[in-house]
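Next come the chains, spelled out residue by residue.
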Amino acid sequence: MITINDVKNDAEVKAIMYMAENQIEALGFTEHSVRHSSIVSKWAGEILEGVGAAQHRIELVRIAGYLHDIGNSVNREDHAQSGALLAYQILTRMGMEYRDAAEIMMAIGNHDEGQGLPVSDITSALIIADKADVHKSRVRSNTTRMNTENLNIHDRVNLAAERSLVYVDKETGEIVLNIVIDTSKCPVMDYFEIYFKRMQLCRRAADFLGRKFVLIINDVRFL
Ligand SMILES: [Fe+2]
Ligand SMILES: [Fe+2]
């Protein structure tokens, strides 16, 4: 079986991820680099593990998490769809079973809140892990907006996010997204403004996994 390490070490994957990061940087978006991909891969794996999925599904979601944003190498617009097709082509070239590669294709094609829906366990875990990654390290220090009031709402929210963590609570079985926001940098309402749609999608994704989704901001439970 193709493993997450095989994927990380693949020369074609490295080249495409490099280009995706270049394009996102040129556009001035929040970082979508190897750091983001690695954390989404790790969290998505932990979510499926936490709900008791088989080891094979866990490995597939780790790979989906690592590759989910490679479509940004083509264009930010519709990056979920272009990334899904790219991932399928790369993984079958590496020798992955067609069925497994198709599972990953479907998950990546559904990870974005624009058109995405939780259509499988792998898709659901990927959606939750991706939306959970909000952190100050995602704001580019070289952005031209940095020293001005032009910081956009995504930058403000990410800058204010001291910590974000997603996990399956062992006692309650709930899928918990726990965020610590520095409210002197950004009101919690800003967070809701950009994350409301994403949180709705997370709730549907948790539903698919038969779990309740809980959002905790600064120790207050919201959902
Ligand atoms: Fe994405
Ligand atoms: Fe992402």
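Residues numbered from 1 in each chain as written. Chains lettered and ligands numbered in written order. Predicted model: local features only at pLDDT ≥ 70, side-chain atom pairs only at ≥ 80, totals over all residues.

A.B. asks: An account of the sheet that holds strand β1 (residues 161-168) is needed here, citing residue identities and associated values.
C.D. replies: In spatial order, the strands read β1-β2-β3-β4; together these 4 strands make up an open sheet with mixed pairing. Each edge of the open sheet is held by one strand with a lone partner, namely β1 and β4 (220-221). In the sheet, strand β3 (residues 213-217) pairs with β4 via 2 bridges, with the strands oriented antiparallel. Bridged to Ile 217 within β4 is Val 220. Against the sheet, helix α3 (residues 34-50) makes contact with β1 and β2 (175-181), and its axis sits at roughly 35 degrees relative to β1, the strand it touches most. Against the sheet, helix α7 (residues 121-132) makes contact with β1 and β2, and its axis sits at roughly 165 degrees relative to β1, the strand it touches most. (Pairing = 2+ DSSP bridges. Helix = DSSP H or I, 4+ residues; strand = E, 2+ residues; numbered from the N terminus. Contact = placed C-beta atoms within 7 Å. Axes fitted to C-alpha atoms, helices over the stretch in contact; angles between N-to-C directions.)

A.B. asks: Pulling in residues and values, what's your account of helix α9 (residues 188-208)?
C.D. replies: Within α9, the axis deviates most sharply at Tyr 195, by approximately 60 degrees. Tyr 191, Leu 201, Cys 202, Ala 205 and Ala 206 are the residues of α9 that are buried. Lining the buried residues of α9 we find α7, α8 (153-160), β2 and β3. With its phi angle positive at about 75 degrees, Gly 210 sits one or two positions after the end of α9. (Bend = angle between axes of the 7 residues up to and from the residue. Buried ≥ 20, exposed ≤ 12 C-beta atoms within 10 Å, placed from the backbone.)

A.B. asks: Just give me the short version of the packing of helix α4 (residues 55-67) against helix α6 (residues 98-109), but keep the residues and values in it.
C.D. replies: Contact geometry of α4 with α6 gives a least axis separation of 9 Å together with a crossing angle of 45 degrees. On the basis of the axis angle, α4 is oblique to α6. As for how α4 packs across α6, the hand of that crossing is right-handed. For the pair α4 and α6, the contacting residues are Leu 60, Ile 63, Ala 64 and Leu 67 in the first and Asp 100, Glu 103, Ile 104, Ala 107 and Ile 108 in the second. The residue inventory of the contact of α4 with α6, partitioned by class, reads 7 nonpolar, no polar and 2 charged. (Parallel < 35°, antiparallel > 145°, perpendicular 65-115°, else oblique. Left-handed = near helix turned anticlockwise from the far one by under 90°. Nonpolar A, V, L, I, M, F, W, Y, C, P; charged D, E, K, R; others polar.)

Everything listed is a geometric property; what it means functionally is a separate question.
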